[in-house]
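Residue-level structure breakdown
For reference, the chains in residue letters:
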Amino acid sequence: MPILVAEGLCKAYGETQLLDGVDLSVHQGDRIGLVGNNGSGKSTLARILVGDEQPDDGRVARRREASIRYLPQEPRLAAGRRAREVVLEGLGDWARALARHQELSRLIAAQEPGWEAHTEPQAIAAHEVERLGGWEHGRRADVLLQELGLHDLNRTVSEMSGGERRRVALARLLVEEPTLAILDEPTNHLDADTIEWLETYLREQYSGALILITHDRYILDRVVTRTVEIAEGKVHSYSGGWHAYLEAKAERLAHAGRAEANRQNLLRTELEWLRRSPKARTTKSKARVDRVESLRDTAAPSTEKVATFGVQTERLGNTVLEAKGLCVRLGELELVRSLDLILSRGDRLGIVGPNGSGKTTLLRVLLAELKPAHGKVIVGKNTKFAYFDQGRGGLDEEASIQQNVALDRPQVTFQGHPRQGIFFVGRGACSGCPGETAARTGQRLGARRADQRP
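Worth saying up front: this structure is predicted, and the values here are computed from it rather than measured.

What counts as what
Residues numbered from 1 in each chain as written. Predicted model: local features only at pLDDT ≥ 70, side-chain atom pairs only at ≥ 80, totals over all residues. Heavy atoms only, no water. pLDDT = per-residue confidence, 0-100. Contact = heavy atoms within 4.5 Å. Axes fitted to C-alpha atoms, helices over the stretch in contact; angles between N-to-C directions. Helix = DSSP H or I, 4+ residues; strand = E, 2+ residues; numbered from the N terminus. Parallel < 35°, antiparallel > 145°, perpendicular 65-115°, else oblique. Left-handed = near helix turned anticlockwise from the far one by under 90°. Pairing = 2+ DSSP bridges.

Averaged over the protein chain, the pLDDT score is 80; the fraction of residues at 70 or greater is 81%. Below pLDDT 50 for its whole length, residues 423-454 participates in 47 contacts with residues either more than four positions away or in separate chains.

This is the structure:
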């Protein structure tokens, strides 16, 4: 019996149709990779499958006893909660029974008047803890947090970096062991060691079904057994991981290309017949005319367009950025000690380290957003910074794309040249491709009535 079955799912935001008749079934033991371009509807489909969002049309049938959990890209955790408390919530009834037992034990230990009335409820709570897994059951939460690189289990989530908060949310989901886990970009903000551990855990220890929404081709190859692509509102399913998906998709597109070429050839032949034989159109089978119109109206396969980016540069001095004896602290925690750094023209510097080690804090010090504990930062005369942060803090969530990019200006300067308006490159039929040109020709010629001279 499947865990869930989705049939005919449709979802649109304004004029954008994200999902258009999507069918998907998930069975026990499935390891599915959900892929597609940014904005293609992967996260929307995930929210619909788990029940956090409703489709415009279609339905999702979920097995009654199945637990389905979703890890969003940006999980929301209560600021005052400690990491261990958040993860223990994943143990559900066991965690509630343990909390009740601890509270009753505290009241009994206080020996306040009437404490005897708490002894029987305490015994019931203790029996419930035993029934649901025993007193060591919660140790799994501690082990998962430590495996994910979080060793201070009593830190509050408000004290953690974005990557650390993701680890807490991931640990809470894993400790619950749901029937189906939907993980949306689970490797974002994780360091290499943690990603490797997660791959191994999902492949060898996690027993439930899994849907991975990710652009990480390595985890797709190592974990998933089926890849589902969302493109143009439709889903295409392929056996295997990333490389098997690429090969199968290339064959599908090649087949579609051959079919389109055959359609164009046949359309040209039929259009020539329409132009040459106006009299015959009244005596020949109307089915042939209908076939020409059908060929004309069939949309050509869309092509993926590739956006290119350019950066406007200025002549720089030999030194772009320099740090001398830099010491960085976050509260009482020393993150960087006595750093000497010279960044020269043409350098490409990578900053790596475990989550919470201070990478983002160091960048903010170099950008003068935070003051160093000791040392100084020297910025080159012509150096200009552009900073893309994890939380996309420079974006106004209430503003449109154009307002964020161009600040409502009718003209922007790009690579030293003024540009009128903004053009965004996406997916769609290429207006300059032969198929589209032929289709437009067919519309012009085929639109004439059969009794008109072409």
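Axes are the key here: two packed helices are described by the angle between their axes and the distance separating the axes. The geometry of helix H5 (residues 139-147) relative to helix H6 (residues 162-176) is characterised by a closest axis approach of 9 Å and an angle of 140° between their N-to-C directions. On the basis of their axis angle, the class for H5 and H6 is oblique. In the packing of H5 onto H6, the handedness of the crossing is right-handed. Residue-level inspection shows Arg140, Ala141, Leu144 and Leu145 of H5 in contact with H6, the latter providing Val168, Ala171, Leu174 and Val175.

Below, the discussion takes up the environment of Arg100. By the secondary structure assignment, Arg100 is in helix H3 (residues 93-110). Sequence separation between Arg100 and Val129 is 29 residues, and the spatial gap between their C-alpha atoms is 9.7 Å. Look past the residues within four positions of Arg100 in its chain and what remains in contact with it is Pro121 and Ala125.

In this section: the sheet that holds strand S11 (residues 319-330). Strand order in the open sheet made by the three strands is S12-S11-S13, with antiparallel pairing throughout. Of all the strands in the sheet, just strand S12 (333-344) and strand S13 (374-379) have a single pairing partner and so form its edges. On average, each strand axis in the sheet is inclined to that of its neighbour by 15°, with strand direction left out of account. In this sheet, S13 lies alongside S11 in antiparallel orientation, the contact comprising five bridges. By the bridge assignment for S13, Lys324 is matched with Lys376. Relative to S11, helix H12 (residues 359-366) is tilted by about 125°, and along the sheet it contacts S11, S12 and S13.

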